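Summary of structural features
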Amino acid sequence: MNVIVCVKQIPDPALPGALDPSTKTLKRDGKLILDESDSYGVEMALQLVGKAGGGEVSLVSMAPNGETSGMRTALAMGAARGVLVSDPALQGTDALTTAKILAAAVQKLGGADLIIAATESSDGYTGTVPEQLAEVLGLPSITFAKSVDVDGTTLKVNRQTEAGFDEVTCTLPALVSVTAGVVEPRYPSFKGIMAAKSKPVDTVTAADLGVSPVGWAGAGQEIVEIGQAAARQAGEIVEDDGEGYAKIVAFLESKKVI
Amino acid sequence: MKVWVYAQQAEGAPTSATLELLTKARSLGDVTAFLAGDASGIATTLGEFGASKVYATGDLGGHLPGVAASTAIKAIIDGGDSPDLILFPQSYEGRDVMARLSVKLDKTVLTNNVDIAVDGSTVKVTTPVFGGNVLVTSSFNGDGPYLAAFRPKSFPVEAAGGGAAEVVAAPVGELGATGGAKVEAVHVEEHTGPKLDEAAVVVSGGRGLGEAGNYSTIETLAKLLKGAPGASRAIVDAGWVPYSYQVGQTGKVVKPDVYLAVGISGATQHMVGMKGSKTIIAINKDKEAPIFGIADLGIVGDAQKIVPKLIEALQGR
């Protein structure tokens, strides 16, 4: 079974984010890392291919600056190869165009039995790309998976709902979006990290894939204003001296919660 | 302006997100609702909140709403009734439907919004980024229908007092290859106490609890305060509690009267989901933790020591 995982390379979320005032996009000029949300999909893909007893895991990604360090992390985990769509013109690309580009990258890899994505990225968090990608590719999809199994050519998913979860099945090929925590991502081994350096990553432009327009030119929106939200003021901060709990009790009393 | 609201129902009533969107939509133009399901039980309420008409697919026959509802909406638009704007709730269903529809219509989607303004034919929506510290306002380019999703609790809920909405059948029709996913069984997780996104008090736990077994203290505390237990993404990812407990950018948005953050440092991912709380209490070992920057009361200390004492004090009352 062949699986393609959509991975995003993002600025380290532990560092404060910033918008570039000239382009009005998220600053992505530093090192980019594998979005932690995508590590679950990579792990899931590796497990499913292992269970199927054959096939490989490939990656598709999109980044404006040719960055592959995040993809290398996924390759070190065990993915075989990747396609990176990188092009300065991609800056400002909206979710719909992103889906079109990723679809073209998937087709460049010859498609797959299963495509896996996270439910949303940790930085932009539009949260629609997986389902848009499925529609562009003409595939069925099961979103918000909290468990995934493949039995022959049948995909079986427990899908998160507001009330609990649904058991959903689908015949492959299909796309699934996985929630965080669906599996425990492995840490890349030293051997994996070394092997990842020589694994093939094919870097192409949007034009190579025949997708245009992209970037702000293709976006269905423009940013008209960037403002600061009303700031919350910090209140009383005290060190716990063993009686900190009493402060909380008094506070709850003052708010008439108790 | 013709405004549609993507409606959802639960337990025989429109969801609160649906009523919020209807309330806002009334101030923007003429309102029509769309429902993936049977609208007969909620047409009256939808009408009271301003929808003159509701398109309803009827039972989806086990199809997931993403493909089914977007196909039905596309058919209505192709049939000549095209909205200028469709408001979606930022829910699992809302996200899937708007994503599929955006490809069918070749229109962009703007998600995670907290506000909308219409000026003539220009539609602007506002999204919080960086943990809610920065608000980005975007306007749609070109022609509609414009597709926008809104975070829960972005708008107040007020009835307008209209008559029942007229129910118009919107059959799903043939779905083809994309409609291959089938719901085989539905599981409802039992929960006691108030819902996380409706509770007046929310007690959330994070990594500072130390280990999964200590999460039970959060549940005990929530129960004592007649509130709901929540969680940071870190402990959801670690498998301590289900995804449905998660508060934050990728989880639920809560605005309780009191939010008690226990052992949560306050990653931007978390803050965006709880910053709107009326008051915030935080317990964390690290006095530099960002959560203290927005807390009304902050206790710098070990949650594993403070919480048991707090529980004891509350039980003794």
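Thresholds, definitions, all that
Within any chain, residue numbers begin from 1 and follow the written order of that chain's sequence. For naming, the first written chain is A and the first written ligand is 1, with later ones following in the order written. Selection of residues for local features in this predicted model requires a pLDDT of at least 70, selection of side-chain atom pairs for listing and counting requires 80 or more, and totals for whole chains, interfaces and linings are taken over all residues. Think of the side-chain values as coming from all heavy atoms in the structure, minus any hydrogens and water. Numbering of helices and strands starts at the N terminus; helices are DSSP runs of H or I of at least 4 residues and strands are runs of E of at least 2. Each radius of gyration is computed over the set of C-alpha atoms, and the globule rule expresses the reference value as 2.2 Å times the number of residues to the power 0.38. Whether a residue is buried, partly exposed or exposed follows from its accessible area with a 1.4 Å probe, protein chains only, as a fraction of its type maximum: under 20%, in between, or over 50%, in that order. Contacts between residues were defined by any pair of non-hydrogen atoms, one from each residue, lying within 4.5 Å. The Shrake-Rupley method, run with a 1.4 Å probe sphere, supplies the accessible areas, and residue values consider only the shown protein chains as cover. Two residue types count as positive, namely Lys and Arg, and two as negative, namely Asp and Glu; His and chain ends fall outside the count. A charged residue contributes its charge at one atom only: NZ of Lys, CZ of Arg, CG of Asp or CD of Glu. The criterion is simple. A nonpolar core is a set of buried Ala, Val, Leu, Ile, Met, Phe, Trp, Tyr and Cys residues joined through side-chain atoms within 4.5 Å. When two parts are brought into contact, each loses some accessible area as probed by a 1.4 Å sphere; the total of that loss over both is the buried area. One side-chain nitrogen of Lys or Arg within 4 Å of one carboxyl oxygen of Asp or Glu is enough to make a salt bridge. By this definition, two strands are paired if DSSP reports at least two bridges between them. Every axis in this analysis is a line fitted to C-alpha atoms, fitted for helices over the stretch in contact. Angles between the N-to-C directions lie between 0 and 180 degrees. Throughout, the term roughly parallel applies to angles under 35 degrees, roughly antiparallel to angles over 145, roughly perpendicular to angles from 65 to 115, and oblique to all others. Each crossing gets its hand from how the near helix is turned against the far one by less than a right angle, where anticlockwise is left-handed and clockwise is right-handed. Think of it as three bins: nonpolar holds Ala, Val, Leu, Ile, Met, Phe, Trp, Tyr, Cys and Pro, charged holds Asp, Glu, Lys and Arg, and polar takes everything else, Gly as well. Two distance rules govern patches: like charges are joined within 9 Å, and nonpolar side chains (Val, Leu, Ile, Met, Phe, Trp, Tyr) within 5 Å, applied only to residues with over 30% relative accessible area and no salt bridge. pLDDT is a per-residue confidence score from the predictor, ranging from 0 to 100.

Here the focus is the overall build of chain B. Scanning chain B for helices and strands turns up 8 helices and 18 strands. For chain B, whose C-alpha radius of gyration is 21 Å, the value lies close to the compact-globule estimate of 20 Å for 317 residues. Across its three principal directions, the C-alpha atoms of chain B cover 65 × 45 × 40 Å. Considering chain B as a whole, with its 317 residues, one finds that 57% of them fall into the buried category. Partitioning the contacts of chain B with sequence separation of at least 6, the portion at a separation of at least 24 is 64%. Of the accessible surface of chain B, which amounts to about 11,700 Å², a share of 49% is contributed by carbon and sulfur atoms. Charge centroids of chain B, computed over 27 positive and 32 negative side chains, lie 6 Å from each other.

Next up on the list: the nonpolar core. Generally speaking, a soluble globular protein has its nonpolar side chains buried in company with each other. In this structure, V5(A), L59(A), L114(A), I116(A), V148(A) and L155(A) are the most contacted members of the largest nonpolar core, which totals 44 residues. By residue number, the principal contributor to this core is helix α1 (residues 36-52) of chain A, which donates 7 residues. For L114(A), the contacting residues outside a window of four places in its chain are N2(A), V3(A), I4(A), L48(A), V150(A), L155(A), L172(A), A174(A) and V176(A). With 34 residues, the next largest nonpolar core counts V201(B), I306(B), V307(B) and L310(B) among its residues.

Turning next to the interface of chain B and chain A. Listed as interface residues are 83 residues of chain B and, on the opposing side, 79 residues of chain A. Summing the contributions of chain B and of chain A, the shared interface buries around 7,100 Å²; its carbon and sulfur component is 56%. Looking only at chain B, the three residues that lose the most surface to chain A are Y92(B), R95(B) and R100(B), adding up to 9% of its buried area. Summed over the shared surface of chain B and chain A, the number is 8 salt bridges.

If you trace the 10 strands from one edge of the open sheet to the other, you get β13(A)-β7(A)-β6(A)-β1(A)-β8(A)-β12(A)-β9(A)-β10(A)-β11(A)-β13(B), paired in mixed fashion. Both outer strands of the open sheet, β13 (201-204) of chain A together with β13 (182-188) of chain B, are each paired with one neighbouring strand and no more. Averaged over neighbouring strand pairs, the angle between their axes works out to 25° when direction is ignored. Sheet topology places strand β10 (residues 154-160) of chain A next to strand β11 (residues 164-171) of chain A; 7 bridges connect them, and they run antiparallel. Among the inter-strand pairings, L155(A) is bridged to a residue of β11(A), identified as C170(A). Against the sheet, helix α3 (residues 95-108) of chain A touches β1 (3-6), β6 (57-63), β7 (81-86), β8 (114-118) and β13 of chain A, its axis set at about 145° to β6(A).

Residue and element names in this part refer to chain A. Bridging between strand β9 (residues 141-151) and strand β12 (residues 174-178) involves 3 bridges; their strand directions are parallel. When the bridges of β12 are listed, I142 appears paired with V176. In this structure, β9 lies alongside β10, joined through 6 bridges in antiparallel fashion. Across the sheet, residue V148 finds its bridge partner in β10, namely V157. What sits between the antiparallel neighbours β9 and β10 is a turn of 2 residues, in which G152 has the positive phi angle 65°.

A few words now on the packing of helix α3 (residues 65-78) of chain B against helix α4 (residues 92-105) of chain B. All names here are of chain B. Contact pair α3 / α4: the axes reach a minimum separation of 8 Å and the direction vectors enclose 45°. In this view, α3 runs oblique relative to α4, as classed from their interaxial angle. Every pair of crossing elements has a handedness; the one defined by α3 and α4 is right-handed. Between α3 and α4, the residues in contact are P65, G66, V67, A69, S70, T71, I73, K74 and I77 and E93, D96, V97, R100, L101, K104 and L105, respectively.

A few words now on the packing of α3(A) against helix α4 (residues 129-137) of chain A. Residue and element names in this part refer to chain A. With their axes 8 Å apart at the nearest point, α3 and α4 run at an angle of 55° to one another. With respect to α4, the axis of α3 lies oblique. In the crossing of α3 with α4, the sense of the turn from one axis to the other is right-handed. Side by side, α3 and α4 meet where A95, L96, T98, A99, K100, L102, A103, V106 and Q107 of the first sit next to V129, Q132, L133, V136 and L137 of the second. Among the residues making up the contact of α3 with α4, the classes are represented as 10 nonpolar, 3 polar and 1 charged.

Before going further, it helps to spend a moment on the pattern of salt bridges. Going through the model one piece at a time under the given rule, you end up with 20 salt bridges over all chains. The closest approach of N and O atoms between E56(A) and R81(A), which form a salt bridge, is 2.9 Å. Taken together, the positions of E56(A) in the loop between α1 and β6 and R81(A) in strand β7 put the pair 25 residues apart, joining distant regions of the chain. Judged by relative accessible area, which is 31%, E56(A) ranks as partly exposed. You can call R81(A) partly exposed: its relative accessible area is 30%. Residues D81(B) and K53(B) are paired through a salt bridge, measuring 3.4 Å at the closest nitrogen-oxygen approach. Of this pair, D81(B) sits in the loop between α3 and β6 (85-89) while K53(B) sits in strand β5 (residues 53-56); the two residues are 28 residues apart in sequence, bridging distant segments of the chain. Salt bridges here are not isolated pairs; linked through shared partners, they connect E131(A), E135(A), R100(B) and K104(B).

This next bit is on a nonpolar patch on the surface. Residue and element names in this part refer to chain A. On the surface, F190, I193 and M194 cluster together into a nonpolar patch covering about 330 Å² of accessible area. Its location among the elements puts F190 in helix α5 (residues 190-196). Since its relative accessible area comes to 64%, F190 is described here as exposed.

To continue, consider the confidence of the model for chain B. The predicted model of chain B averages 94 in pLDDT, with 100% of residues at 70 or higher. What the predictor reports for the complex is a pTM of 0.91 with an ipTM of 0.92.

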